[in-house]
Amino acid sequence: MAAGAPDPQSRFGQSVKGLLTEKVNACGTDVIALTKQVLKGSRSSELLGQAARNMVLQEDAILHSEDSLRKMAIITTHLQYQQEAIQKNVELSSNLQDQLKHLLK
């Protein structure tokens, strides 16, 4: 064998080392991609949980608003009755004033 030429075993060893290095790098890349996916998935789960909590809060606010609207409708009806009663009293008062004027003549 020539002194400058590497022996076949040495070339095979370097070849195997090169393949192992490539495989390790590929596995590292795959692990990084998998980690990113897992983190993205956990973030999605977190966002879904937050959206569910926000929806519950909105539902409570809607129910409270609905209750307030019902109460306002009742108050509006009562105010309409009071307005009608006041209007009738004003008309009666006007009639009474006319009658008093007529009597005092």
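Please read all numbers here as calculations on a predicted model, not as lab measurements.

### A word on the overall build of the protein chain
- The number of helices and strands found in the protein chain is 1 helix and 0 strands.
- Relative to the globule expectation of 13 Å for 105 residues, the C-alpha radius of gyration of the protein chain, 45 Å, shows a markedly less compact shape.
- With the C-alpha coordinates aligned to their principal axes, the bounding extent of the protein chain is approximately 150 × 20 × 10 Å.
- One way to put it: in the protein chain the 12 positive side-chain charges average out to a point 6 Å from where the 11 negative ones average out.

### Side note on a nonpolar patch on the surface
- A grouping of Phe12, Val16 and Leu20 is seen on the molecular surface, where their side chains present a nonpolar patch of about 300 Å² in accessible area.
- In this fold, Val16 is placed in helix H1 (residues 8-104).
- Relative accessible area serves as the criterion here: at 33%, Val16 is assigned to the partly exposed category.

### Here we look at the pattern of salt bridges
- Within this structure, the stated rule accounts for 3 salt bridges.
- In this structure, Arg70 and Glu66 form a salt bridge, with 3.7 Å as the shortest nitrogen-oxygen distance. Residue Arg70 and its partner Glu66 are both found in helix H1; the two are separated by 4 residues, about one turn of the helix.
- Judged by relative accessible area, which is 39%, Glu66 ranks as partly exposed.
- Ionic pairing is found between Asp67 and Arg70, a salt bridge with its closest N-O pair at 3.7 Å. On the criterion of helical spacing, the pair formed by Asp67 and Arg70 is a turn pair, its members being 3 residues apart in helix H1.
- Residue classification places Arg70 among the partly exposed positions, given a relative accessible area of 48%.
- It is possible to trace a salt-bridge network through shared partners that takes in Glu66, Asp67, Arg70 and Lys71.

### Thoughts on the environment of Ser42
- Along the chain, Ser42 turns up in helix H1.
- Sequence separation of Ser42 and His102 is 60 residues, and the distance between their C-alpha atoms is 89 Å.

### A closer look at the environment of His64
- Mapped onto the secondary structure, His64 falls in helix H1.
- A C-alpha to C-alpha distance of 75 Å links His64 and Gln14, two positions 50 residues apart in sequence.

About the criteria used
- Residues numbered from 1 in each chain as written.
- Predicted model: local features only at pLDDT ≥ 70, side-chain atom pairs only at ≥ 80, totals over all residues.
- Heavy atoms only, no water.
- Helix = DSSP H or I, 4+ residues; strand = E, 2+ residues; numbered from the N terminus.
- Rg over C-alpha atoms; globule rule 2.2 N^0.38 Å.
- Lys, Arg positive; Asp, Glu negative; His and termini not counted.
- Charge placed at Lys NZ, Arg CZ, Asp CG, Glu CD.
- Patch = residues over 30% accessible without salt bridge, like charges linked within 9 Å, V, L, I, M, F, W, Y side chains within 5 Å.
- Areas by Shrake-Rupley, 256 points an atom, 1.4 Å probe, with all protein chains shown as cover.
- Salt bridge = Lys/Arg side-chain N within 4 Å of Asp/Glu carboxyl O.
- Buried < 20%, exposed > 50% of the residue type's maximum accessible area, 1.4 Å probe, protein only.

Coordinates in, geometry out; function isn't part of it.
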